[in-house]
Amino acid sequence: MRQLLLLLMSVSTHTSSDLSTPTQPAPLLRAQKLFCERDDRVLFTDLSFTLQAGDLMQVQGSNGSGKTTLLRILCGLNSSYEGELFWEGVPIDEDRESFLSSLLYLGHRVGVNKILTARENLRWSCALHGPVSDSDIDDALYNVGLAGYADISCRNMSAGQQQRVSLARLLLSPARLWVLDEPFTTLDVRGVKVLENLLAAHVARGGAVLVTTHHTLEVPCALRRLNLDR
Amino acid sequence: MWQWFFRLGSPKWFYEMSGKWLPWLFVLMTALLSVGIVWALLYVPQDYQQGDTIRIMYVHVPVASISLACFPLMAVAGVITLVWKMKLADMVAKCAAPIGAWFTAVALATGAIWGQPIWGTWWAWDARLTSMLIQFFLLIGVIALRSAIESTDAAAKACALLSIVGAINVPIIKYSVEWWNTLHQPASNFSMAEDSPFGPEIWVPLVIMIFAVYCFFVISLILSTRNEILERERRSQWVVDLIADESTK
Amino acid sequence: MTDASKTSHGSLFKKELRAVGADHEQVSTFAAFRATLRRDLLIALKRRNDLLNPLMFFLIVVSLFPLGVSSDPQELTRIAAGAVWVSALLASMLSLDNLFRADYEDGSLEQLLLSSQPLYFMVLAKNISHWLISGLPVVLLAPLLAYMLYLPADAYWALVLTLLLGTPVLSLFGAIGVALTVGLGSRGLILAVIVLPLTVPVLIIGAKAVTDASLGLPLGMHFSLLGALLALSLSLAPLASAAALKISVN
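Sequence order sets the numbering: in each chain, residues are counted from 1 along the sequence as written. Naming scheme: in the order in which they are written, chains are lettered from A and ligands are numbered from 1. The predicted origin of the model limits local features to residues at a pLDDT of at least 70 and limits the giving and counting of side-chain atom pairs to 80 or more, whereas totals for whole chains, interfaces and linings rest on all residues.

As for the overall build of chain C
Scanning chain C from terminus to terminus reveals 11 helices and 0 strands. Listing every helix and strand of chain C by position from the N terminus yields α-α-α-α-α-α-α-α-α-α-α. For every residue, the other C-beta atoms within 10 Å of its own C-beta are counted; 20 or more classify it as buried, 12 or fewer as exposed, and values in between as partly exposed. C-beta atoms are placed from the backbone. Within chain C, buried positions represent 49% of all 250 residues. The contact criterion used here is simple: two residues whose C-beta atoms, placed from the backbone, lie within 7 Å are in contact. For chain C, the share of sequence-separated contacts (at least 6 apart) that also reach a separation of at least 24 residues comes to 81%. Numbering goes from the N terminus for both helices and strands, where a helix is a DSSP run of H or I of at least four residues and a strand is a run of E of at least two.

Considering the overall build of chain B
Across its full length, chain B carries 8 helices and 0 strands. Buried positions account for 36% of the 249 residues belonging to chain B. The contacts in chain B between residues at least 6 apart in sequence include a share of 78% that link residues at least 24 apart.

Side note on unusual backbone geometry
In terms of backbone geometry, most residues other than glycine have negative phi values and most peptide bonds are trans. Residue and element names in this part refer to chain A. Backbone geometry places Glu88, a non-glycine residue, at a positive phi of 50°. Of note, Glu88 is situated in the loop between strand S4 (82-87) and strand S5 (90-91). Overall, Glu88 belongs to the partly exposed group, with 18 C-beta atoms counted inside 10 Å.

Side note on the interface of chain B and chain C
Think of interface size as the accessible area that goes away when the parts come together; that is how it is often given. Counting residues at the interface gives 21 residues for chain B and 18 residues for chain C. Elements supplying a minimum of two residues to the side of chain B that touches chain C: helix H5 (127-148) and helix H6 (152-184) of chain B. With 12 residues, H6 of chain B is the single largest residue contributor to the side of chain B that touches chain C.

Focus: helix H6 (residues 159-172) of chain A
Residue and element names in this part refer to chain A. Expected helix span is taken as 1.5 Å per residue step, with the number of steps being one fewer than the number of residues. With 14 residues, H6 extends 21 Å between its outermost C-alpha atoms, agreeing within 8% with the 20 Å of an ideal straight helix rising 1.5 Å per residue. All of the buried residues in H6 are Gln161, Gln162, Gln163, Arg164, Val165, Ser166, Leu167, Ala168, Arg169, Leu170, Leu171 and Leu172. Of the surrounding secondary structure, the elements contacted by the buried residues of H6 are strand S6 (103-106), helix H4 (118-127), helix H5 (134-143), strand S7 (177-181) and helix H7 (189-204).

Concerning the packing of helix H4 (residues 87-119) of chain B against H5 of chain B
All names here are of chain B. Relative to each other, H4 and H5 sit at 155°, their axes nearing to 9 Å. Accordingly, the angle class assigned to the pair H4 and H5 is roughly antiparallel. Every pair of crossing elements has a handedness; the one defined by H4 and H5 is left-handed. On H5, the residues that touch Lys94, Ala97, Pro98, Gly100, Ala101, Thr104, Ala105, Ala107, Leu108 and Gly111 of H4 are Leu129, Met132, Leu133, Gln135, Phe136, Leu139, Ile140, Val142, Ile143 and Arg146. Grouping the constituent residues of the contact of H4 with H5 by class yields 14 nonpolar, 4 polar and 2 charged. Every axis in this analysis is a line fitted to C-alpha atoms, fitted for helices over the stretch in contact. Angles between the N-to-C directions lie between 0 and 180 degrees. If an angle is under 35 degrees, it is roughly parallel; if it is over 145, roughly antiparallel; if it lies from 65 to 115, roughly perpendicular; otherwise it is oblique. Each crossing is labelled by how the near helix is turned from the far one, with a counterclockwise turn of less than a right angle marking it left-handed and a clockwise turn marking it right-handed. Gly counts as polar in this scheme, as do all residues outside two lists: the nonpolar Ala, Val, Leu, Ile, Met, Phe, Trp, Tyr, Cys and Pro, and the charged Asp, Glu, Lys and Arg.

Regarding the environment of Met74 of chain B
Residue and element names in this part refer to chain B. You can see Met74 is positioned in helix H3 (residues 57-84). With 76 residues separating them along the chain, Met74 and Glu150 place their C-alpha atoms 20 Å apart. Setting aside chain neighbours within four positions, we find Met74 in contact with Ala93, Ala96, Ala97 and Ser163.

Topic: the nonpolar core
Definition of nonpolar core: a set of buried Ala, Val, Leu, Ile, Met, Phe, Trp, Tyr and Cys residues joined via C-beta atoms within 7 Å. One finds Leu103, Val179 and Val209 of chain A, Leu161 of chain B together with Val84, Ala142 and Ala244 of chain C to be the most contacted residues of the largest nonpolar core, which totals 203 residues. Contacts of Ala244 of chain C, omitting those with residues within four sequence positions, involve Ala158 and Leu161 of chain B together with Ile176, Ala179 and Leu180 of chain C.

A closer look at the interface of chain A and chain C
Taken together, the contact between chain A and chain C spans 47 residues of the former and 39 residues of the latter. Mapped onto the side of chain A that touches chain C, the elements with two or more residues apiece are helix H3 (96-100), S6, H4, H5, H6 and H7 of chain A. Here the side of chain A that touches chain C takes 5 residues from H4 of chain A, the largest share from any one element. Partitioning the side of chain A that touches chain C into residue classes produces 21 nonpolar, 17 polar and 9 charged.

Focus: helix H9 (residues 190-198) of chain C
Most of H9 of chain C is tucked away, with 7 of its 9 residues classed as buried. Looking at H9 of chain C, one finds that the buried residues are Leu191, Val193, Ile194, Val195, Leu196, Pro197 and Leu198 of chain C.

Description of the packing of H5 of chain A against H6 of chain A
Residues and elements named next belong to chain A. At their nearest, the axes of H5 and H6 sit 9 Å apart, and the two run at 120° to each other. When the interaxial angle is binned, H5 and H6 end up oblique. The two elements H5 and H6 cross, and the hand of that crossing is right-handed. Along the contact surface, H5 presents Asp136, Ile137, Ala140, Leu141 and Asn143, while H6 presents Ala168, Leu171 and Leu172. The residue inventory of the contact of H5 with H6, partitioned by class, reads 6 nonpolar, 1 polar and 1 charged.

Quick word on the pairing of S4 of chain A
Residue and element names in this part refer to chain A. Pairs of strands are assigned from DSSP output, requiring at least two bridges between the strands. Note that strand S1 (residues 29-38) and S4 share 5 bridges and pair antiparallel. Note on S4: the bridge partner recorded for Leu29 is Trp87. Sheet topology note: the S4/S5 ladder contains 2 bridges and is antiparallel. Each residue of the ladder has a partner; that of Phe86, found in S5, is Pro91.

Observations concerning the sheet that holds S1 of chain A
Residues and elements named next belong to chain A. Taken in spatial order, the 4 strands line up as S2-S1-S4-S5 in an open sheet, and their pairing is antiparallel. Both edges of this open sheet fall to strand S2 (41-51) and S5, since each of them pairs with a single strand only. With respect to the sheet, helix H2 (residues 67-75) is in contact with S1, S2 and S4, its orientation differing from that of S1 by roughly 125°.

Considerations on the confidence of the model for chain C
Atomic detail in the predicted coordinates should be set aside for any region of low pLDDT. Residue-level confidence of the predictor is summarised by pLDDT, bounded by 0 at the bottom and 100 at the top. For chain C, per-residue confidence averages 85 on the pLDDT scale, and 88% of positions sit at 70 or higher. The model gives residues 1-12 of chain C a pLDDT under 50, and that stretch makes 10 contacts with residues more than four places away or in other chains.

Right, dumping it as structure tokens:
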């Protein structure tokens, strides 16, 4: 029955959104009535928000409030939810490819293979989205404070340095939407500054950022907050 | 059509309807089973080669036919789970796996009991028995995967996928085993259901028994699915009401 | 944030961020496929010790057969085809663990799933590199082991050819099982319980082809069956693995 209702709901919301779109451009990302429960516990229900180009949104909430789950749902890594997600006004499931080509996700696990060098890691992860040159990689590593570390095996790096390797991807990616899950955890003061500047610069050029962190963001731009605690 | 389909997917609807069907199914099964067993054991003439041993067929063939139907059933349920995310389909698939494994085990056991007087050994690497054995392993694999994954949702999808892969594989396994068997050793001079000259006095009770055992399978599946529904929907209002009703009675 | 840090922003970045959403060169699926293949081969080459393990396992299991059965050449000749094939099957099962495990643990798998390229080709690339580093060496070592088991000389080419056609199928089927179980904390033997029954047809056809070759029987049927299995698993198994990976990271 719930399935049927959802089906009907999706049909009706679809038509209404089609009617409203001509007046203003569709937001980059729109979440509508998200519902998610885990282990018989409701994480969030009736959660709706939009993310415009130029938005920096910090997802807040206590431990276990579902921040990571929300980000993974938005990226499509988690499909156990109910509700609707739209990318530029189109349901995400209908055109996943164009959504994925505009998305950069950095999760808890940084996606850095410890056996490979920083350069080899970046070459692969960028090859999945857009080609980059070796000098681009060198520049990116320089900018995240890893100059000279390009050809060192990531096994020999500290956790913070590995995190910086993954942050270098922000500089190499053409993605419009950044979804960052606790990117500040292992960074030192300088690294935090670098990342904050990166976020501000990305927002300034019309990108959008969704970030979870317990760190107090100090950015020279508007900061929106989404609180998951009820 | 679709409305009906989605209503069928509602656990509550299924629970209520199956409650109404169950008594009728019980009556039908009892009738078929008593007629079938009495006919098969007392009135079917002895086989000219096998004597009374042929009567094992009346248990073995129906049970085996159900264990063969089990994988397609789970695969269809798997497709419904993955495509329409219908929870009921997964509940049915989850309950069908152990029941199917039991039926397969019984089919293997009755096959062995039948094989003893015919082949002179409890186990032969006969094509049918072998592919039945492999299918048993596949079912065990699905059950093991289900019990290994903690999240109900992930377990549902993973088992659905494995059932589909398994169902695609079952015919391949069956044909490769038959091919291996016929070329490896001389074809067994007795094959279980085809050789004997069948008259209606032999196959009519067999058909009755097949229907009876199917009823039994459906009843077990429904009973087990009803338990699963109550467990998974225990927090929904209708189950709470139901339990309250039961305890006041 | 102060003005000072704002102005330092320009000097902080040697190069500006890449233009957002600009019509950058679309990366081709083939380039992504090649990058994934190269990456996995590179990782394997940097862990040479792991390369040897499946091979050693293969060698040990095969040499258990004479110890367990008999050292009589005639008896060994009879079981040689089956013994080599069963050992190859077990060796490929053992090596499967490397396929997605490390990627799952370090988060690379999420990156792979979020690439805008078709997952089929990405999984296929991983499968191919996995076969190149664990399946191919087994195929190449097989004649030596067959010699130790007194396999008739006529059957050598059949052994190598069937393994060449069959071990990729084992890798492809195995990948589905690995993808389904990669998220489990304690996997134990569940991978083997899931995957081994699926590999029965390959084992039957492969071992029988070798036996028949040593008897001088025609083998057209065997090879076309193995070829059909390979074609089927090449086209479907990566799709199933991709779906299974999505379920596992959920």
